[in-house]
Amino acid sequence: MKENEIIDDLLESSEYINQMLFSITQTYKFDNGIIELEKRNFNVKNLLVKCINEVKALAKDRQIEIVCNIENLDICADSVQLRRVIGNIINNSLRYGYK
């Protein structure tokens, strides 16, 4: 393995650990009433497009095209938390699902 590959693997691993710790911290805060969900109406398609746009460069580097095939859908939920979860899923699938 080249030094650059080792460094890339270490960086990806440390980022993954950081995301895991953040998720655990957020879950703890939510479970203990420190964070309350802020429910409001928003469009799910718009949220997904934002999440996809955040990882476009990574997807392009991995030669992966992300397509959002969803109709406009308005829901009432915490858009910040939902965006965090969906963003993590997309990000992790790109980083660890395709090598």
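Residues numbered from 1 in each chain as written. Predicted model: local features only at pLDDT ≥ 70, side-chain atom pairs only at ≥ 80, totals over all residues. Heavy atoms only, no water.

Its location among the elements puts N88 in helix α4 (residues 79–97). What N88 contacts, discounting residues up to four positions off in sequence, is Q19 and S23. (Helix = DSSP H or I, 4+ residues; strand = E, 2+ residues; numbered from the N terminus. Contact = heavy atoms within 4.5 Å.)

Further remarks concern the packing of helix α1 (residues 3–31) against α4. Relative to each other, α1 and α4 sit at 155°, their axes nearing to 12 Å. Judged on the interaxial angle alone, α4 and α1 are roughly antiparallel. Here the hand of the crossing between α1 and α4 comes out left-handed. Between α1 and α4, the residues in contact are E12, S13, E15, Y16, Q19, F22, S23 and Q26 and Q81, R84, N88, N91, N92, R95 and Y96, respectively. Grouping the amino acids of the contact of α1 with α4 by side-chain chemistry returns 3 nonpolar, 8 polar and 4 charged. (Axes fitted to C-alpha atoms, helices over the stretch in contact; angles between N-to-C directions. Parallel < 35°, antiparallel > 145°, perpendicular 65-115°, else oblique. Left-handed = near helix turned anticlockwise from the far one by under 90°. Nonpolar A, V, L, I, M, F, W, Y, C, P; charged D, E, K, R; others polar.)

Moving on, we get to the nonpolar core. Of all hydrophobic cores here, the largest spans 13 residues; its most connected members are F42, I86, I90 and L94. At the level of elements, α2 (44–54), α3 (56–61) and α4 are the ones that each hand at least two residues to this core. Of all the elements, α2 adds the most residues to this core, at 5 residues. Not counting the four nearest positions on each side in its chain, I86 is found in contact with L47, L48 and C51. (Core = buried A, V, L, I, M, F, W, Y, C linked by side-chain atoms within 4.5 Å. Buried < 20%, exposed > 50% of the residue type's maximum accessible area, 1.4 Å probe, protein only.)

Turning our eyes to something else, we now look at the pattern of salt bridges. Taken as a whole and assessed by the stated rule, the structure comprises 1 salt bridge. In this structure, R83 and E54 form a salt bridge, with 2.3 Å as the shortest nitrogen-oxygen distance. With a gap of 29 residues between them, R83 in helix α4 and E54 in helix α2 connect regions that are remote in the sequence. Relative accessible area serves as the criterion here: at 30%, R83 is assigned to the partly exposed category. According to the relative accessible area criterion, E54 is exposed, its value standing at 51%. (Salt bridge = Lys/Arg side-chain N within 4 Å of Asp/Glu carboxyl O.)

With that settled, consider α4. Helix length check: α4, at 19 residues, gives a terminal C-alpha distance of 25 Å against a target of 27 Å (1.5 Å per residue), a fit within 8%. Taken as a whole, α4 has its buried residues at S79, Q81, I86, G87, N88, I90, N91, L94 and R95. The N-capping residue of α4, defined by a side-chain oxygen 3.1 Å from the backbone nitrogen of V80, is D78. (Expected span 1.5 Å × (residues − 1). Polar contact = N/O pair within 3.5 Å; in protein donor to acceptor, adjacent residues only side chain to side chain.)

A word on unusual backbone geometry. When glycine is set aside, most residues are seen to have a negative phi, and most peptide bonds are trans. With a phi angle near 55°, Q63 is a residue other than glycine that sits in the positive phi range. Secondary-structure assignment places Q63 in the loop between α3 and β2 (74–77).

Below, the discussion takes up α2. All of the buried residues in α2 are V44, L47, L48, C51 and I52. The arc that holds the buried residues of α2, viewed along the axis, is 135°, so those residues lie on one side. Where the residues of α2 are buried, they touch β1 (40–43), α3, β2 and α4. Its side-chain oxygen at 3.0 Å from the backbone nitrogen of K45, N43 defines the N-terminal cap of α2. (Arc of directions from axis to C-beta.)

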